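What follows is each chain in one-letter form.
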Amino acid sequence: MPGITREEVAHLARLARLELKAEELDHFAGQLDDIIGAVARVSEVADQDVPPTSHPLPLTNVMRADEVRPSLTPAQALSGAPAQEQQRFKVPQILGED
């Protein structure tokens, strides 16, 4: 596989709106080449027998189960509100939408 050239790095830098010095182009070309090589090696190791995963260990949901419990009535919840409308908190408009 051919390596990343200075011109390709310069093109990517322009697309990303980055201003790079000449010595940085060579430096980043080498680094990008190393990254692409590492990704290629990982692709070689992956096999059809290995299922894709997002985490090496099994994860379980750590949240508690939902339970209906007594709570405030709408009147109690709104009792301390400075303004309310139709059983809702009324707040100043901030987005300029109707």
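These figures come from a predicted structure and were not determined experimentally.

Summarising the element assignment, Ala-10 is placed in helix H1 (residues 6-15). Judged by relative accessible area, which is 17%, Ala-10 ranks as buried. Considered as a pair, Ala-10 and Gln-48 are 38 residues apart in the sequence and their alpha carbons are 37 Å apart.

Glancing now at the pattern of salt bridges. Evaluated as defined, the whole model comprises two salt bridges. For Arg-6, the salt bridge goes to Asp-26, with nearest N and O atoms at 3.5 Å. One end of the pair, Arg-6, is in helix H1; the other, Asp-26, is in helix H2 (residues 22-45), with 20 residues separating them in the sequence. On the basis of relative accessibility, which here comes to 34%, the residue Arg-6 falls in the partly exposed class. Given a relative accessible area of 42%, Asp-26 falls into the partly exposed group. Measuring nitrogen to oxygen at the nearest pair gives 3.4 Å for the salt bridge that ties Lys-90 to Glu-85. What makes Lys-90 partly exposed here is its relative accessible area of 47%.

Take H1 next. Three or more residues of H1 are buried, namely Val-9, Ala-10 and Ala-13. End-on, the buried residues of H1 take up no more than an arc of 100 degrees, which puts them together on one face. Set apart from the buried face of H1 by more than 90 degrees, the exposed residues are Glu-7, Arg-14 and Leu-15. Residues of H1 that are buried sit in contact with H2. Of the residues flanking the end of H1, it is Arg-17, one or two places downstream, whose phi is positive at about 60 degrees.

Now for unusual backbone geometry. In this structure, Gln-86 is a non-glycine residue whose phi angle is positive, near 50 degrees. Under the relative-accessibility criterion, Gln-86 is labelled exposed at 64%. Its identity is not glycine, yet Gln-87 carries a phi of approximately 60 degrees, on the positive side. In this fold, Gln-87 is placed in the loop between strand E1 (84-85) and strand E2 (88-89). The exposure class of Gln-87 is exposed, given its relative accessible area of 60%.

Take the confidence of the model for the protein next. Model confidence for the protein is summarised by a mean pLDDT of 86, while 95% of its residues fall at 70 or above. Summarising per-element confidence for the protein, the mean pLDDT is lowest in H2 (88) and highest in H1 (94).

Conventions and cut-offs
- Residues numbered from 1 in each chain as written.
- Predicted model: local features only at pLDDT ≥ 70, side-chain atom pairs only at ≥ 80, totals over all residues.
- Heavy atoms only, no water.
- Helix = DSSP H or I, 4+ residues; strand = E, 2+ residues; numbered from the N terminus.
- Buried < 20%, exposed > 50% of the residue type's maximum accessible area, 1.4 Å probe, protein only.
- Salt bridge = Lys/Arg side-chain N within 4 Å of Asp/Glu carboxyl O.
- Arc of directions from axis to C-beta.
- Contact = heavy atoms within 4.5 Å.
- pLDDT = per-residue confidence, 0-100.

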